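# Examination of the molecular architecture
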Amino acid sequence: MAPSRKRARGPDLSRAAVVADEGPGENGEARADPELLSSGLPRVSLKLPKGTLPAAPKVRLPTADEQLQMRAADSSEELAHANLLHMQLEALLDEIAVEYAAPGARALDEWLRALRGALLALPPSEPLVDGDALPLVAGVEPLEWQPPARVVLTGSYLLRTQLLPALNVDLAVELPRGCLREKDHLDGRFADRRQLWLHHLAVLLSHPNAAEAWEAPASGAPDPAAARGAIRAVARLCARVDVLAWGGDGGWPVLSVAPASVDAARALGGAPLAVRLIPFIALDALPLSRLRPSRCCVRPPAGAGAGAGEGEGAARGAPTARYNAQILADAAHVPALEAMHAVFSRDARGSLRDGVLLVKAWARQRGFCAPAAGVAEPASGLTPFACAALVAALAQRRVVTSSMSGAQAFRVVLHWLAGEAVPPLVLRPPAGTPAPADADVTSLLAEHVASGAHALIVLEPRSGANLTSGMSAGALADVRHEARIGMRLLSAALPLRTRLNPASVSYTHLTLPTK
């Protein structure tokens, strides 16, 4: 016979305990079950101190955008691939970004200030360069050499978009008006003036006997001792001076200077750097309106049937869009940097700068940019300067925004380059700067498009220059082809198990090893 179970005395508290676990009622008392009260059992009161029971977690339903994102992720493998790629891009940024707050950065700033002062203090002199030794086009007569009118810090060091290990610091040196003539934009004369002026400067910076070879100009004789002292002072700042072809054109050189100060030469992370001296002209130094892509500035020879007047000869010649664009690029260098600086200075998060770094790394890996400092840029047209101008122009059109991450901005730029049609862009001048009217900018942009001389157009309106004029149709086709490959790798949706390491494949394709 089964043992009899004794009935428990008193009320059954099990159900009351369950109700109490669900949470206290008012004044911290346990909530009793209505069934328990109606059964005639005595009411049980469990007094608990406030805050003893944990509050129920608040669960928020996903928004419509979040639901769409979850639906877009068809599998966890796609999400894993995206996360791996994002982490690798962030790791890449840590490798290629420059530490501008490094302890040695102050030494570089001090050396740049010393070089700027020494360049401005150079004395005028008679020409020290024989034009017969240079590849001159027009054979212009040498003029009295004068020091630069301005020395301006430009380039990626100013914009904080430098890329390791190819560190270049750009100083723009303005050709003085006394070294130019009114019609120097015609027949290659400006290219000759530029070469003569720059090679004279190279002699002053590098030749050991430059101070002794100095001759006072006929216009006025400065103190010979002070003049020779200024030449020796600037030469002591430079360990080495090289002449580089700018944009792959040997007739359009720039100077590459290695600092004599070891601390300045390796100030940014220990990587050696080169300081480039890039000539530029003021916006009113030459008649820039005569350098539009539809104009001819290289007249036919006198025996080729041209008329006696300059206008007739220029009208009968074919447009010289490439030559015109080179002169305009020298006028647009500083205005374009001012516009880019205005865009990137508003980027508090630094995402636009990160996007520029990734675009530069991709362009360098694909051979569109120089791989090291002090090396001439390839003739691709997609220079580091053009990469920064492209991102800045897209930011002004809100195609990329500072709310994006650097990886997102990079993807947007690649998608824009890989498109079927690449629309022209305008790099607007900063607010408060004199700028042409919108109608004039529209007319100028339409003239660039109608000329068909440039495959990719990023217009700087104050000078009328196309900042990507060096890019040919073939070079643009190469850029678009590589951009499409990069987009396929970034958007790859194959399962991770079917490939050895797809993220590292993307990383190798998009970046250049830096170590």
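First things first, this report covers the structure right here in the doc. Once a new chain begins, its residue numbering starts again from 1 and follows that chain's sequence as written. At least 70 in pLDDT is required for a residue's local features to be given in this predicted model, at least 80 for side-chain atom pairs to be given and counted, and no such filter applies to totals for whole chains, interfaces and linings, which use all residues. Only hydrogens and water are set aside; all other atoms, that is, all heavy atoms of the structure, feed into the side-chain values.

### Some remarks on the overall build of the protein chain
Note the following rule: Numbering of helices and strands runs from the N terminus; a helix is a DSSP stretch of H or I covering at least four residues, while a strand is a stretch of E covering at least two. Note on areas: these come from Shrake-Rupley sampling with a 1.4 Å probe, and a residue is covered only by the protein chains present in the view.
Each helix and strand counted, the protein chain has 18 helices and eight strands in total. When the accessible area of the protein chain is evaluated, it comes to approximately 25,700 Å², of which 55% is carbon and sulfur surface.

### Focus on the environment of Pro430
Along the chain, Pro430 turns up in the loop between β6 (425-426) and α16 (438-451). Between the C-alpha atoms of Pro430 and Val343, which are 87 residues apart in sequence, the distance is 8.0 Å.

### A word on unusual backbone geometry
Condition: Per-residue accessibility, obtained with a 1.4 Å probe over protein chains only, is compared with the maximum for each type, and a residue is labelled buried under 20%, exposed over 50%, and partly exposed between these values.
Pro165 follows Leu164 through a cis peptide bond whose omega is 0°. Phi is positive for Arg160, which is not a glycine, with a value near 60°. Examined against the element boundaries, Arg160 turns out to sit in the loop between α6 (155-159) and β2 (167-174). Among the residues examined, Arg160 registers a relative accessible area of 36% and is labelled partly exposed. Backbone geometry at Asp187 places phi at a positive 60°, although glycine is not the residue there.

### Describing the sheet that holds strand β4 (residues 249-259)
Here is the rule: Any two strands between which DSSP finds at least two bridges are classified as paired. Throughout, an axis means a line fitted to C-alpha atoms (over the contacting stretch in the case of helices), and angles, computed between N-to-C directions, take values from 0 to 180 degrees.
Strand order in the open sheet formed by five strands is β1-β2-β5-β4-β3, and the pairing between neighbours is mixed. The sheet is open, and its two borders are formed by β1 (151-154) and β3 (238-246), each paired with just one other strand. Going across the sheet, the axis of each strand differs from the next one's by a mean of 30°, ignoring polarity. Note that β1 and β2 share four bridges and pair antiparallel.

### Examining the packing of aromatic side chains
Note the cut-off: Two rings from Phe, Tyr or Trp (for Trp, the six-membered ring) form a pair when their centres sit within 6.5 Å of each other. Planes less than 30 degrees apart are called stacked, planes more than 60 degrees apart edge-to-face, and all others tilted. A ring has a charge above it when a Lys NZ or an Arg CZ is no more than 6 Å from the ring centre and no more than 35 degrees off the ring normal.
In total, this model carries four aromatic pairs according to the counting rule given. Look at Phe190 and Trp252: their rings are 5.9 Å apart centre to centre, the planes differ by 45°, and that puts the pair in the tilted class. Here Trp252 lies in strand β4 and Phe190 lies in helix α7 (residues 189-206), a separation of 62 residues in the sequence. Judged on exposure class, the residue Phe190 and its partner Trp252 are both buried. Above the face of the Tyr100 ring, Arg160 is positioned so that its terminal group lies 4.4 Å from the ring centre. The ring of Tyr157 carries the charged tip of Arg160 above its face, separated from the ring centre by 5.0 Å.

### A closer look at the state of the cysteines
What counts is decided by this rule: By definition, disulfides here are pairs of cysteine sulfur atoms that lie within 2.5 Å.
Under the criterion given, the structure shown has zero disulfides. Note on Cys387: no disulfide assigned, nearest cysteine sulfur contributed by Cys369 at a separation of 4.7 Å. By relative accessible area, Cys387 is classed as buried at 0%.

### What to know about the pattern of salt bridges
Think of it this way: side chains of opposite charge can pair up when their charged atoms draw near. Going by this rule: One side-chain nitrogen of Lys or Arg within 4 Å of one carboxyl oxygen of Asp or Glu is enough to make a salt bridge.
Under the counting rule described, the total for this entry stands at 14 salt bridges. Here Arg150 and Glu174 are joined by a salt bridge, their closest N and O atoms 2.7 Å apart. Remark: Glu174 occurs in strand β2 and Arg150 occurs in the loop between α5 (105-120) and β1; sequence separation between them is 24 residues. Using a relative accessible area of 39% as the deciding quantity, one classes Arg150 as partly exposed. Looking at Glu174, the relative accessible area reads 6%, which means it is buried. Note that Arg428 is salt-bridged to Asp438, the shortest N-O span being 3.8 Å. Taken as a pair, Arg428 in the loop between β6 and α16 and Asp438 in helix α16 lie far apart in primary sequence, 10 residues in all. What makes Arg428 partly exposed here is its relative accessible area of 38%. For Asp438, a relative accessible area of 57% gives the class exposed. Where salt bridges share partners, they join Glu338, Glu460 and Arg462 into one cluster.

### Here we look at the environment of Val137
Just so we agree on the cut-off: Contacts were defined at the residue level, with two residues in contact if any of their heavy atoms lie within 4.5 Å.
Mapped onto the elements, Val137 comes out in the loop between α5 and β1. Put simply, Val137 and Gly251 are 114 residues apart on the chain and 8.8 Å apart in space, counted from C-alpha to C-alpha. Setting aside residues up to four positions removed in sequence, Val137 forms contacts with Asp187, Gly188 and Asp192.

### Digging into the sheet that holds strand β8 (residues 465-466)
Strand order in the open sheet formed by three strands is β6-β7-β8, and the pairing between neighbours is mixed. The open sheet terminates on both sides in strands that have one partner only, identified here as β6 and β8. Where β6 meets strand β7 (residues 458-460), two bridges bridge the pair, whose relative direction is parallel. When the sheet's bridge partners are listed, Val426 is paired in β7 with Leu459.

### Quick word on the pairing of β2
Within a regular beta strand, the side chains point alternately toward one face of the sheet and then the other, so they alternate between its two faces. In terms of burial, β2 is a largely internal element, eight of the eight residues being buried. Where burial is concerned, the two faces of β2 agree: the one with Leu167, Val169, Leu171 and Val173 and the one with Asn168, Asp170, Ala172 and Glu174 are both buried. Relative to strand β5 (residues 273-280), β2 runs parallel, the two being bridged by eight bridges. By the bridge assignment, Asn168 is partnered in β5 with Ala274.

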